[in-house]
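# A structural walkthrough
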Amino acid sequence: MSDIRVRFAPSPTGHLHIGSARTALFNWLFARSQGGKFILRIEDTDRERSTDQYIDGILEGMRWMGLDWDEGPFRQTERIDLHKKHIEDLIKAGDAYYCYCSPEELDAHRKQAMKDGKPMRYNRKCRELSNLAEPAEPVEGVAPVVRFAMPLAGHIVIDDMIKGKVTFNNEELDDLIIARSDGTPTYNLVVVADDVDMGITHVIRGEDHLNNTPKQAHIYKAIASEPPRFAHQSLILGPDKGKMSKRHGATSVLDYRDQGYLPSALVNYLIRLGWSHGDQEVFTTEELIKYFSMENVGTSPSIYDKDKLQWLNAEHIKMTPPEVMLRHLTPYLASEGTVDEGWAPDAEWFASALATLVERAKDLNELASSMRYYILETVEFDQKAKAKFLKPETKELFEEAVKELEGIEDFTAANIEESFKGICERREIGLGKLAQPVRVALTGGTASPGIFDVIEIVGRERVLLRLNKAIEACGSSE
RNA sequence: GGUCCCAUCGUCUAGUGGCCUAGGACAUAGCCCUCUCAAGGCUAAGACACGGGUUCGACUCCCGUUGGGAUCACCA
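Residues numbered from 1 in each chain as written. Chains lettered and ligands numbered in written order. Predicted model: local features only at pLDDT ≥ 70, side-chain atom pairs only at ≥ 80, totals over all residues. Heavy atoms only, no water.

### A few points about the sheet that holds strand 2 (residues 37-42)
Worth spelling out the cut-off: Any two strands with at least two DSSP-identified bridges between them are counted as paired. Only DSSP runs of H or I with at least four residues qualify as helices, and only runs of E with at least two residues qualify as strands; both kinds are numbered from the N terminus onward. The axes used here are C-alpha line fits, helices contributing only the stretch in contact, and every angle between their N-to-C directions lies in the interval 0 to 180 degrees. Contacts are assigned to residue pairs with any non-hydrogen atoms lying within 4.5 Å of each other.
Spatial strand order, 1-2-3: three strands in an open sheet with parallel pairing. Edge strands, defined here as strands with exactly one partner in the open sheet, are strand 1 (5-8) and strand 3 (71-75). Strand-to-strand twist of the sheet, defined as the mean angle between neighbouring strand axes without regard to direction, takes the value 25°. Where strand 1 and strand 2 come together, four bridges link them in parallel fashion. Among the inter-strand pairings, V6 is bridged to a residue of strand 2, identified as F38. Sheet strands in contact with helix 1 (residues 18-34) are strand 1 and strand 2, and its direction is about 160° off that of strand 1.

### What about the protein's contact with RNA strand B?
Operational definition: Proximity is defined per residue: if any heavy atom of the residue lies within 4 Å of a molecule or strand, that residue is considered near it. Here a polar contact means two N or O atoms within 3.5 Å. Within protein one must be a hydrogen donor candidate and the other an acceptor candidate, and residues neighboring in sequence count only if both atoms are side-chain atoms. Classes in brief: Ala, Val, Leu, Ile, Met, Phe, Trp, Tyr, Cys and Pro nonpolar; Asp, Glu, Lys and Arg charged; the others, Gly included, polar.
Around RNA strand B sit 60 residues in total, of which R180, E207, G274, R360 and S448 are the nearest. Expressed as a percentage, the sugar and phosphate content of the atoms of RNA strand B within 4 Å of the protein is 67%. Within the side chain of D46, an N or O atom sits 2.7 Å from a sugar or linking oxygen of RNA strand B. Side-chain polar atom of E359 to a sugar or linking oxygen of RNA strand B: 2.9 Å apart, as the coordinates give it. Elements represented by at least two residues in the surface near RNA strand B include exactly helix 4 (103-116), strand 7 (164-169), strand 12 (302-303), helix 11 (306-319), helix 18 (431-443) and helix 19 (451-458). Its residues assigned to classes, the surface near RNA strand B comprises 19 nonpolar, 19 polar and 22 charged.

### Section: the pairing of strand 1
Two faces make up the sheet, and in a regular strand the side chains alternate between them. Note the cut-off: Residue exposure (1.4 Å probe, protein chains only): buried if accessible area is under 20% of the type maximum, exposed if over 50%, otherwise partly exposed. Looking down the strands as they point away from you, a crossover is right-handed if its path from the first strand over the helix to the second goes clockwise.
The side-chain alternation of strand 1 yields two buried faces, one formed by R5 and R7 and the other by V6 and F8. The handedness of the strand 1 to strand 2 crossover, carried by helix 1, is right-handed.

### Looking at the nonpolar core
How we decide: Nonpolar cores are built from buried Ala, Val, Leu, Ile, Met, Phe, Trp, Tyr and Cys residues. Side-chain atoms within 4.5 Å join them into one set. Each domain span listed reflects an automatic or database assignment of domains.
Counting 57 residues, the largest nonpolar core has M371, L405, F420 and I455 as its most contacted members. A per-element tally of this core places helix 14 (residues 364-375) first, with seven residues. When residues of this core are sorted by domain, at least three fall in each of domain 3 (320-371) and domain 4 (377-478). Sequence-distant contacts of I455, that is, excluding residues within four places in its chain, are made with L405, F411, I416, F420, V438, L442 and V463.

As structure tokens, this is what we get:
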């Protein structure tokens, strides 16, 4: 056990984005590998855009990925009194001041600064007016915001666990708003206050927050606390090196679930984007916990590569034990109505059926649809396959196969193979001439696991039933 | 534009001054295996952005250039 405490703090203004999920994962792994605590906090201070529906989605996504939290979920909006107290204290201490500048005024300043090629910072008009000791003269009819008074000179060094030492000049830092004119606190105050209050020791987040860090570090100091350690991970980019967006693939974690990805595969992929352990590519989540270390986190942004994710998914499908796979696969089967949620097949049968399928499935949707011909009573023929293989002249072949299969004593793949090879020898045809039509008869299509395995797994009774249906489908020669 | 970050095959990366003729993986191409589809095996092609230093010696350290990214809200 250690005193390490990290947090994941999503804002519920959208789905659990793949990039946020990666941040959550880094935090979670750091906590789990160091014996620390992982805390979930919902940053819902943006009342306009936050919804409970998004919160539910985020929690669902995290549960699906297996990112369990030790404390929370806390909601920032429930902690608003604490935040307000901090703001009052800051004002009293002279670290913050009221600002009566109107949004229009500010906007005009920004535009002018942009035009002049100057930094777009607040001009600190009200700070000078208030001289920090006394509040600025209230302006009639204007509800003020509260700004944090940044140091005007000197510099601050952030010793980032990933990026190393990053230096910022204090004069570059803006007097950011910590309370809106309606009195509600804003993000930069709230994160710091909550992180202090929750005893967060390490802040691991996306690189897009790096520029906020010096400002927050000063707020930490002002509310009498040492800043935590920071670790800023690089971002995930789309294939065009721009921001990862829907054009590049799914951005919501739950979409990956729906597309048939195994959570362990997504986790594996996401962590390998910017972290490595020698030449190893495939990791179980347990291995990740064992090997994860901040030192091996990369510094450069990485591009999302769907192909590699897909490959990893296939690898994870191959290595997931049957009993775990059953749990993951059932919802996909159930959504097609193939089985119901409580499906409990014979464990041995399921394991051998799965073993034949696992080598050829890229995702769980594919796996489920192949599984159907093992589960259902009969199959529907693919029209093209039927036209090509279920011909009148095939009838006779099927009839012989039926007779042979009826005669096999021990209905195993090996015996079935022997018997089928006998048919082919007698008829002087290649195995393919027999296997393909039978494959269509049993699976409905032209691609499947080895035909002898299929026959064994489907079982004699259903095989004969389907073969006879196929004979009917062959029609008669005319 | 200011500030900050980043820079090895198309992509993810190994590499911490000599082990580098730069390794692995995905993707690509060819071959093998084969009852279909996969999986698998083998092989091929493919990178240190550029320019200066430092050093006996730079992919590795320093500086600059170029290129990419992030950020600059009464959003988080």
